[in-house]
Amino acid sequence: QVQLVESGGGLVQAGGSLKLSCAASGRTFRTYAMGWFRQPPGKEREFVARVERISWSGSSTRYADSVKGRFTISRDNAKNTVYLQMNSLQPEDTAVYYCAADVSNSVYYSDSARYSSWGQGTQVTVSS
């Protein structure tokens, strides 16, 4: 339904930063929530961050405990793009990062099953 393309991944040393981007297709991007998930090697996909649709008071965000204070999710509705700014990266952050769209705006923000569209992922590797 919604086509998503991630970019910005790469190799970075521990303590460094990366900014991921996710471009979405369509004309209704502003109406639904967007999330970031990641899948480390040999592990299941896990929730990273979510930004809700824009309201009069702005858009709220939610984060996994493992990334709070280090990662920041944001969106630019004019560009149909969601971002993930990652600071103080650690080797355990190494994973394929996926963006996803929740067109139903579910309250179960960390449940991957609630997201109807997914990107192909971008690799983030953090060296020690």
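From a predicted model like this one, the values you see are computed outputs, not experimental measurements. (Residues numbered from 1 in each chain as written. Predicted model: local features only at pLDDT ≥ 70, side-chain atom pairs only at ≥ 80, totals over all residues. Heavy atoms only, no water.)

> Give me the lowdown on the overall build of the protein chain, citing residues and values where you can.
The number of helices and strands found in the protein chain is zero helices and 11 strands. Along the chain direction, N to C, the helices and strands of the protein chain fall in the order β-β-β-β-β-β-β-β-β-β-β. Compactness check: the protein chain gives a C-alpha radius of gyration of 14 Å against a globular reference of 14 Å for 128 residues, within 12% of the reference. Each of the three principal axes of the protein chain carries a C-alpha extent, and together these read 40 × 30 × 25 Å. Relative to its 128 residues, the protein chain shows a buried fraction of 43%. When contacts within the protein chain are restricted to residue pairs at least 6 apart in sequence, those whose partners lie at least 24 apart make up 58%. For the protein chain, the accessible area works out to roughly 6700 Å², and carbon and sulfur atoms hold 46% of it. (Helix = DSSP H or I, 4+ residues; strand = E, 2+ residues; numbered from the N terminus. Rg over C-alpha atoms; globule rule 2.2 N^0.38 Å. Buried < 20%, exposed > 50% of the residue type's maximum accessible area, 1.4 Å probe, protein only. Contact = heavy atoms within 4.5 Å. Areas by Shrake-Rupley, 256 points an atom, 1.4 Å probe, with all protein chains shown as cover.)

> So, the sheet that holds strand S7 (residues 71-76): which residues are in play, and what are the values?
The four strands lie next to each other as S1-S3-S8-S7, forming an open sheet whose pairing is antiparallel. Bordering the open sheet on either side are strand S1 (4-7) and S7, each of which pairs with just one other strand. Sheet twist, expressed as the mean angle between neighbouring strand axes with direction ignored, is 15°. (Pairing = 2+ DSSP bridges. Axes fitted to C-alpha atoms, helices over the stretch in contact; angles between N-to-C directions.)

> So, the pattern of salt bridges: which residues are in play, and what are the values?
Considering all chains together, one arrives at eight salt bridges under this definition. The partner of Glu-52 in a salt bridge is Arg-50, with the nearest N and O atoms 2.8 Å apart. On the basis of relative accessible area, Glu-52 is assigned to the buried category, the value being 14%. (Salt bridge = Lys/Arg side-chain N within 4 Å of Asp/Glu carboxyl O.)

> Go over the packing of aromatic side chains with me, naming the residues and quoting the values.
Taken as a whole and judged by the stated rule, the model has six aromatic pairs. One aromatic cluster is present, built from ring pairs that chain together Phe-37, Phe-47, Tyr-109, Tyr-115 and Trp-118. The ring of Trp-118 has Arg-45 sitting right over it, with the charged end atom 4.6 Å from the ring centre. (Phe/Tyr/Trp six-rings, centres within 6.5 Å; stacked < 30°, edge-to-face > 60°. Lys NZ or Arg CZ within 6 Å of the ring centre and 35° of its normal.)

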